[in-house]
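What follows is each chain in one-letter form.
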Amino acid sequence: MHLRLGDRRLDVSRRALVMGILNRTPDSFYDKGAYFDMDDFWRKAEQLVADGADILDVGGESTRPGHSPVDLDEERRRVLPVIEGLRAVLPET
């Protein structure tokens, strides 16, 4: 069984896949905004891949209790550049 993600396919029939979480929010409840800085974000992304992450989930809006919603343009501004950057440097699966 394969999971299709755009032009990529992940084989989900052989083993459980590991997802790494990367938040591009200054107020993340998970990492307290530790990876909002771009240098820190890239180091964390590289570490997650080195540790075996099959999927990287990049979030652009906090879901912590009491968070302030961001509009779609702001969320796109936060996540699209890093997703494009990740696609350029990560190995194909």
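Scroll up a little and you will see the structure.
All chains use their own residue numbering, which begins from 1 and follows the written sequence. Totals for whole chains, interfaces and linings use every residue, but because this is a predicted model, local features are given only for residues with pLDDT of at least 70 and side-chain atom pairs only at 80 or more, for both listing and counting. The basis for every side-chain value is the complete set of non-hydrogen atoms in the structure, without hydrogens or water.

**Points about helix α2 (residues 72–89)**
Along its 18 residues, α2 runs 26 Å from first to last C-alpha, staying within 8% of the 26 Å computed at 1.5 Å per residue. For a residue, the bend is simply the angle between two axes, fitted respectively to the seven-residue segment ending there and the seven-residue segment starting there. The helix and strand labels rest on DSSP assignments: H or I over at least four residues marks a helix, E over at least two residues marks a strand, and numbering proceeds from the N terminus. Along α2, the sharpest change in direction is near 30° and occurs at V79; proline P81 comes one to four residues later. Partly exposed describes any residue whose relative accessible area lies between the buried limit of under 20% and the exposed limit of over 50%, with all areas from a 1.4 Å probe on protein chains only and scaled to the type maximum. Buried within α2 are the following residues: R78, V79, V82, G85 and L86. Contacts: residue pairs with any heavy atoms within 4.5 Å of one another. On the buried face of α2, the contacting elements are α1 (38–50) and β4 (55–59). Here a polar contact is recorded for every N or O atom pair within 3.5 Å, except that within protein the pair must consist of a potential hydrogen donor and a potential acceptor, and residues adjacent in sequence are included only if both atoms are side-chain atoms. Its side-chain oxygen 3.2 Å from the backbone nitrogen of D73, D71 forms the N-cap of α2. Helices are assigned an expected span. That span is 1.5 Å times one less than the residue count.

**Side note on the nonpolar core**
Ranked by size, the top nonpolar core spans 9 residues in total: L22, F41, A45, L48, A53, V58, V79, V82 and L86. Among the secondary structure elements, those contributing two or more residues to this core are α1 and α2. By nonpolar core we mean a set of buried residues, namely Ala, Val, Leu, Ile, Met, Phe, Trp, Tyr and Cys, connected to one another through side-chain atoms within 4.5 Å.

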